[in-house]
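Single-letter residue listing:
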Amino acid sequence: MSAAQARQSGNTTYLELSQENGGAHKFYEVTVEGTSVSVRYGRIGVDGQRQTSSFPTVEKAQAAAAKKITEKVRKGYAPAVRGQRAARSVTRRQVTSAPSTARATAPVLWRFRTGASAFGIHVDEDRCWVGNQHGDVYNLSHDGEVLAHYSLPDGVKCLVADDFWIYAGCDDGRVYDLSAKVPFAAYDIASEVDIFWLDIHAGVLNVSDRSGGLTVIDHEDELQWSRNSSGEHGWMVRADGRAVYHGHGGGVTAYAADGARQLWHTRTSGDVLFGWQEEDAVYAGTARQVVQRLAKSTGVVEASYRCDAAVYSCATSPGGRYVFAGDSASSVYCFTADGTRLWKLGTGGGSALSMQYLDDRLYLVSTDGSLACVDASEAAIKAAQSGTVPVAADIKLAAALPTYAPLTTAASVATVSAVPAAGGGVVVECFEQGGRVRVRVVSEGYEPSWNVQFPRAIRQPGERYVVDALHSSEGGFYRVRGEIRRLV
């Protein structure tokens with residue numbers, strides 16, 4: 001089929017590629033208006049990403065559009081009518097949550113109800129983050145005050161951090177950077193990849209998916225490598241500078257960081273449902289009621305932590321001194337490093353789907369959509385075991401809570417006509433390279449050969465933007481901090 005045979009509506013050509021075996025399910029749309037060519041692409045059923053290019057003449061614009069269409073047709077895209085083919089269903093984790101059999105309830109200091117089942121959690125020295133299946137991400141203080149609300153386009157699978165950048169992996173196949181003043185899509189995962197879990201290290205995104213695949217993408221959203229592990233349902237991926245640790249239905253597999261080879265594979269006791277890492281070990285929570293600690297260097301199982309039901313989540317205190325686990329029966333456990341169980345308590349709010357420990361506090365997100373802060377100090381746990389627990393504060397949303405939605409178009413960005421005073425901004429410029437629009441720093445004092453991780457929705461060749469600040473990252477690129485404004 002030639003480009004001329006593609007279905008057109010006015011100056012718009014719309015194509016789709018959908019494979020029955022669960023592979024590609026995406027669209028590609030080209031619109032020509034005068035000397036401007038706009039391209040929109042992404043997963044079928046979502047709005048997708050947009051790029052616009054300008055040409056000297058109408059004829060050159062039409063020729064460029066025809067070339068793009070021909071290339072897609074050669075790759076298997078075919079004419080279609082937008083809206084006739086439904087979006088492929090997204091896999092949501094199917095979990096059950098039974099009442100706890102523990103005699104005592106954990107000492108919950110405060111609880112915040114997000115309104116939908118929640119998987120995503122990240123806790124650092126400054127804030128607590130929680131994301132739910134409605135696409136809501138909330139930012140809270142350690143005392144439970146709700147500071148900000150982010151409204152993302154689809155359900156949040158997980159929240160991960162890379163230094164002080166926070167990323168949310170969503171069911172729309174995108175990974176959003178929540179570190180700037182307004183969130184933006186930093187990575188766009190291939191349409192055939194159904195995200196189950198994510199980890200980011202030095203700007204390199206590691207994606208574990210429904211089919212047991214592992215996809216590794218760099219800071220410019222370009223595929224580095226991918227592998228298929230021996231089991232399906234990859235609910236664990238953890239990464240460091242040495243390797244990527246992939247947990248799935250067949251156990252845990254470690255791959256070299258560059259994807260050159262498999263380092264080891266360990267069959268776990270049951271399907272892996274969650275993972276955690278420390279400097280020298282990874283922890284795999286499994287469906288057979290156990291957390292197993294595996295040496296990063298060899299994959300050898302060094303210790304086991306036995307629970308009373310399937311393990312949905314796990315975490316450790318620094319260095320792995322204590323190991324925590326949450327099961328499918330609404331209980332939370334604490335073990336010593338050698339596997340001795342210290343305590344088991346009820347969560348008081350469903351099964352913990354993710355957890356994190358910081359400064360004698362254990363933060364849980366659960367099947368009832370709550371973020372709970374548990375006092376995990378020795379004194380508080382002893383009191384709880386004897387039946388004395390604090391009255392948990394029920395955190396409410398502030399009436400004037402700010403809500404932030406992602407940048408989707410250039411119109412979402414404020415425009416300025418001058419660079420702010422010295423120290424108040426950095427100028428970056430969009431340019432074309434190898435058929436892609438990239439971003440580099442124009443202001444002095446930065447490495448000019450480094451690219452900038454920047455919103456694709458607003459990239460236009462030749463355009464300049466002012467950002468509040470840029471920070472250099474391991475791997476040789478810059479990340480944006482603060483507000484982004486278009487410079488005219």
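Per chain, the residues get numbers from 1 upward, laid out in the order the sequence is written. Only residues with pLDDT of at least 70 are given local features in this predicted model, and only at 80 or more are side-chain atom pairs given and counted; all residues enter the totals for whole chains, interfaces and linings. In computing side-chain values, all of the structure's heavy atoms are included and hydrogens and water are not.

Now for unusual backbone geometry. Even without being a glycine, Asp-163 presents a positive backbone phi close to 60 degrees. The helix and strand labels rest on DSSP assignments: H or I over at least four residues marks a helix, E over at least two residues marks a strand, and numbering proceeds from the N terminus. Tracing the backbone shows Asp-163 in the loop between strand E12 (156–162) and strand E13 (165–170). With phi around 65 degrees, Asp-360 is a residue other than glycine that occupies positive phi space. Along the chain, the position of Asp-360 falls in the loop between strand E32 (352–358) and strand E33 (361–366).

Here the focus is the sheet that holds strand E9 (residues 128–132). Two strands are said to pair when DSSP picks up at least two bridges between them. With mixed pairing, 5 strands are arranged side by side in an open sheet as E8-E9-E10-E11-E36. Either end of the sheet is taken by a strand with one partner, and the two such strands are strand E8 (118–123) and strand E36 (403–404). Looking at chain direction, strand E11 (residues 146–151) and E36 are connected through 2 bridges and run parallel. What sits directly across from Tyr-150, in E36, is Tyr-404.

The subject of this paragraph is the pattern of salt bridges. Each salt bridge in this description consists of a side-chain nitrogen of Lys or Arg and a carboxyl oxygen of Asp or Glu lying within 4 Å of one another. On inspection of all chains with the given rule, the structure shows 22 salt bridges. A salt bridge links Lys-344 to Asp-308, with the nearest nitrogen and oxygen atoms 2.8 Å apart. A residue pair is termed long-range when its members are at least 10 positions apart, and Lys-344 in strand E31 (residues 341–346) and Asp-308 in the loop between strand E27 (301–306) and strand E28 (311–316) qualify at 36 residues. Of the residues examined, Lys-344 reaches a relative accessible area of 18% and is grouped as buried. The partner of Glu-378 in a salt bridge is Lys-382, and the shortest N-O contact between them spans 3.3 Å. On the criterion of helical spacing, the pair formed by Glu-378 and Lys-382 is a turn pair, its members being 4 residues apart in helix H2 (residues 378–385). Summarising the burial analysis for this pair, Glu-378 and Lys-382 share the class exposed. Per-residue accessibility, obtained with a 1.4 Å probe over protein chains only, is compared with the maximum for each type, and a residue is labelled buried under 20%, exposed over 50%, and partly exposed between these values.

Moving on: the sheet that holds E12. One open sheet holds the 4 strands; their spatial order is E12-E13-E14-E15, and the pairing between them is antiparallel. The sheet terminates laterally at E12 and strand E15 (184–188), the two strands that pair on one side only. Here the strands of the sheet are splayed against their neighbours by 30 degrees on average, with no regard to which way each runs. In this structure, E13 lies alongside strand E14 (residues 174–177), joined through 3 bridges in antiparallel fashion. Looking across to E14, one finds that Tyr-167 is bridged to Asp-177. Axes, fitted as lines to C-alpha atoms, cover a helix only where it is in contact. Angles between the N-to-C directions of the axes lie from 0 to 180 degrees.

Turning next to the state of the cysteines. For the purposes of this analysis, a disulfide is any pair of cysteine sulfur atoms at a distance within 2.5 Å. What the rule picks out here adds up to 0 disulfides. In this model Cys-128 remains outside any disulfide bridge; the closest cysteine sulfur is found in Cys-373, 6.8 Å from its own. No disulfide involves Cys-170; its sulfur sits 9.1 Å from the nearest other cysteine sulfur, which is in Cys-158.

A separate point is the pairing of E14. Of the two faces of E14, the one lined by Arg-174 and Tyr-176 and the one lined by Val-175 and Asp-177 are each fully buried. The antiparallel pairing of E13 with E14 creates a hairpin that spans 3 residues between the two strands, and Gly-173 there sits at a positive phi of about 85 degrees. Note: E14 against E15, 4 bridges, orientation antiparallel. Note on E15: the bridge partner recorded for Tyr-176 is Ala-185. Between E14 and the antiparallel strand that follows it, E15, lie 6 residues.

Attention now moves to the side chain of Thr-114. For Thr-114, the location among the structural elements is in the loop between strand E7 (108–113) and E8. What qualifies as a polar contact is a pair of N or O atoms within 3.5 Å, subject to a donor-acceptor requirement within protein and to the restriction that residues adjacent in sequence count only when both atoms come from side chains. Within polar-contact distance, the side chain of Thr-114 engages the backbone oxygen of Ala-116 at 3.0 Å. Among the polar contacts listed, one links the side chain of Thr-114 to the side chain of Asn-132, at a separation of 3.2 Å. Working rule for contacts: check all heavy atoms of both residues, and any pair within 4.5 Å makes them a contact. Ignoring sequence-local partners within four residues, the contact set of Thr-114 consists of Val-130, Asn-132, Tyr-138 and Gly-369.

What follows covers the confidence of the model for the protein chain. For every residue, the predictor reports its confidence as pLDDT, a number between 0 and 100. Counting all residues, the mean pLDDT for the protein chain is 89, and 94% of those residues have values of 70 or more. This model gives residues 1–9 a pLDDT under 50, and the stretch forms 17 contacts once residues within four places in sequence are excluded.

The next point concerns the packing of aromatic side chains. Centres within 6.5 Å make a pair out of two Phe, Tyr or Trp rings, where for Trp the six-membered ring is used; the pair is then stacked when the planes are under 30 degrees apart, edge-to-face when over 60, and tilted otherwise. Applying the stated rule across the entire model yields 20 aromatic pairs. Here the aromatic residues Tyr-283, Tyr-305, Tyr-333 and Phe-335 are joined through ring pairs into a cluster of three or more. Just above the ring of Tyr-28 sits the side chain of Lys-72; from NZ or CZ to the centre is 4.7 Å. By the criterion adopted, a ring carries a charge over it if an Arg CZ or a Lys NZ lies within 6 Å of its centre and within 35 degrees of its normal. Here Arg-440 stacks its cationic end above the ring of Phe-431, 4.0 Å away from the centre of that ring.

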